[in-house]
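An overview of the molecular structure
What follows is the residue order along each chain.
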Amino acid sequence: MTAVTIERVETIALRIPYDHWAPKPTFGEIERTTLDCLLVRVTASNGLVGWGEAFWGGWQATQSALEQWIAPLALGQDIADIAMTARFERALHNFGRSGPYVYAIAGLDIALWDLRGKIAGVPVHALLGGKRRDRVEVYASLLAYGGNVENVARNTTRALERGFRQIKLHEKTTAAVAAARETTGANIPIMVDTNCAWLPDAAFDAVMAMKPYDPLWVEEPIWPAEDIEALGKLRKATGVPLAAGENATGTLEFVRVVAAGIDYVQPSAVKNGITAQWEICRTAETSGATCVPHSPYFGPGYLATLHILAAKEKTVALERFFCDLGHMPYGKTVPIENGAVQIPDMPGLGPEPDEELMRFRA
Ligand SMILES: [Mg+2]
């Protein structure tokens, strides 16, 4: 059989307006008025098209990395070659072990898995050993309300009304966690993402203050994110389950996170690609941790995460940013309804991005 090879690699950046029912949060001191998405479109020599997605943060740099460096490397390569993206990562390793180049390779990797599934006529989860479940729960990942307890309480109520049964906050204060707990009552899991809020010395008191509200996990309580040793000490000292990993890249870094006793590891498909994400996930769960992928994005990375959640050992919920989007990618084809989603069974990742989405091209 002649190889099916990569004929073209293109990027499409999308900026989608959103409403989270409160003043817009800032990101890097810039008001965040859109949720962005960098699509990677790979055309194969047999005419099939695969779709990937690279991390949205600083997507302009990632787009440039893809177009200037990754696409030229990829052209003519055999799509069946699963070692390809690891080889590119090694070839470009001194451009950064995380960041735009690694995210660009991740976006390509997702598109290649989509193509491998389409070529074989099977869903991606079948290529990962088969699905262990037909649907997964989805948790409402509230955007940051900057400690405004009214907004936290009101939007926690809104999430429950829309059928979500698990809530994540992006807040740093005990008052915000208390407001959410008061709203949900005792039986709804609440996760608290603090986005690296504290230096190691300050983290103990802050996390202990949240403990009475029974968080399922506290996420990234320590800055810098890579201070895994401090995270491990905090876990032991507080007894509060911790989550980390959205800022880690590569299997070895996750081995360190698991070895430190972190309960929940959070590799991101759009930062690692499916190849590495799957390896990280399996390695972590074999060692007793639980893999809860970071997934606050809406494009093919959303579908990629669903296939991993379908095929992995432990059942966990999918993360979803809780907001109304100007247009919901896959809103008709892979809808989230009543806090749950059906795993796609079409070849590859599933449906193509819809045409209407292209109205939001940057
Ligand atoms: Mg997070």
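Preceding block: the structure.
Residues numbered from 1 in each chain as written. Predicted model: local features only at pLDDT ≥ 70, side-chain atom pairs only at ≥ 80, totals over all residues. Heavy atoms only, no water.

Looking only at helices and strands, one finds 11 helices and 16 strands in the protein chain. Computed over its C-alpha atoms, the radius of gyration of the protein chain comes to 20 Å, within 12% of the 21 Å expected for a compact globule of 362 residues. When the backbone C-alpha atoms are referred to their principal axes, the protein chain occupies close to 60 × 40 × 40 Å. In the protein chain, which comprises 362 residues, the share counted as buried stands at 57%. The contacts of the protein chain with a sequence gap of at least 6 include a subset with a gap of at least 24, amounting to 73%. Taken as a whole, the protein chain presents about 14,700 Å² of accessible surface, with 53% of it coming from carbon and sulfur. Computing the positive centroid from 34 side-chain charges and the negative centroid from 42, the protein chain places the two 3 Å apart. (Helix = DSSP H or I, 4+ residues; strand = E, 2+ residues; numbered from the N terminus. Rg over C-alpha atoms; globule rule 2.2 N^0.38 Å. Buried < 20%, exposed > 50% of the residue type's maximum accessible area, 1.4 Å probe, protein only. Contact = heavy atoms within 4.5 Å. Areas by Shrake-Rupley, 256 points an atom, 1.4 Å probe, with all protein chains shown as cover. Lys, Arg positive; Asp, Glu negative; His and termini not counted. Charge placed at Lys NZ, Arg CZ, Asp CG, Glu CD.)

On to the coordination of the magnesium ion. Working reference: metal with six octahedral donors, ideal angles 90 or 180 degrees; metal with four tetrahedral donors, ideal angle 109.5 degrees. For the magnesium ion, the protein coordination sphere consists of Asp-193 (OD), Glu-219 (OE) and Glu-246 (OE), at 1.9 to 2.1 Å. Mapped onto the sequence, the donors of the magnesium ion take the spacing D-x25-E-x26-E. Linking Asp-193 in strand E8 (residues 190-193) with Glu-219 in strand E9 (residues 217-219), this pair joins segments that are 26 residues apart in sequence. By relative accessible area, which is 1% here, Asp-193 ends up buried. (Donors = N, O, S within 2.8 Å, 3.2 Å for Na, K, Ca; no water.)

Okay, the packing of aromatic side chains next. On inspection of all chains with the given rule, the structure shows 10 aromatic pairs. Where Phe-55 meets Tyr-103, the ring centres are 5.3 Å apart and the plane angle is 75 degrees; that geometry is what we call edge-to-face. In this pair, Phe-55 is assigned in the loop between strand E5 (49-54) and helix H1 (59-74) and Tyr-103 in helix H3 (residues 100-120), connecting sequence segments 48 residues apart. Taking relative accessible area as the criterion, Phe-55 reaches 11% and is therefore assigned buried. Taken together, a centroid distance of 4.7 Å and an interplanar angle of 45 degrees make the contact between Trp-217 and Tyr-264 tilted. With Trp-217 in strand E9 and Tyr-264 in strand E11 (residues 264-265), the pair connects residues that are 47 residues apart, well separated along the chain. The class for Trp-217 is buried, based on a relative accessible area of 2%. Aromatic ring contacts, followed pair by pair, group Phe-27, Phe-55, Trp-56 and Tyr-103 into a single cluster. Note that Lys-24 overlies the ring of Tyr-18, its terminal NZ or CZ placed 4.7 Å from the centroid. (Phe/Tyr/Trp six-rings, centres within 6.5 Å; stacked < 30°, edge-to-face > 60°. Lys NZ or Arg CZ within 6 Å of the ring centre and 35° of its normal.)

Where H1 contacts H3, the axes come no closer than 8 Å and their chain directions differ by 60 degrees. The orientation of H1 relative to H3 falls into the category oblique. Seen along the crossing, H1 lies across H3 with a hand that is right-handed. Here Ala-61, Thr-62, Ala-65, Leu-66, Trp-69, Ile-70 and Ala-74 of H1 lie close against H3, whose contacting residues are Pro-100, Tyr-101, Tyr-103, Ala-104, Ile-105 and Leu-108. (Axes fitted to C-alpha atoms, helices over the stretch in contact; angles between N-to-C directions. Parallel < 35°, antiparallel > 145°, perpendicular 65-115°, else oblique. Left-handed = near helix turned anticlockwise from the far one by under 90°.)

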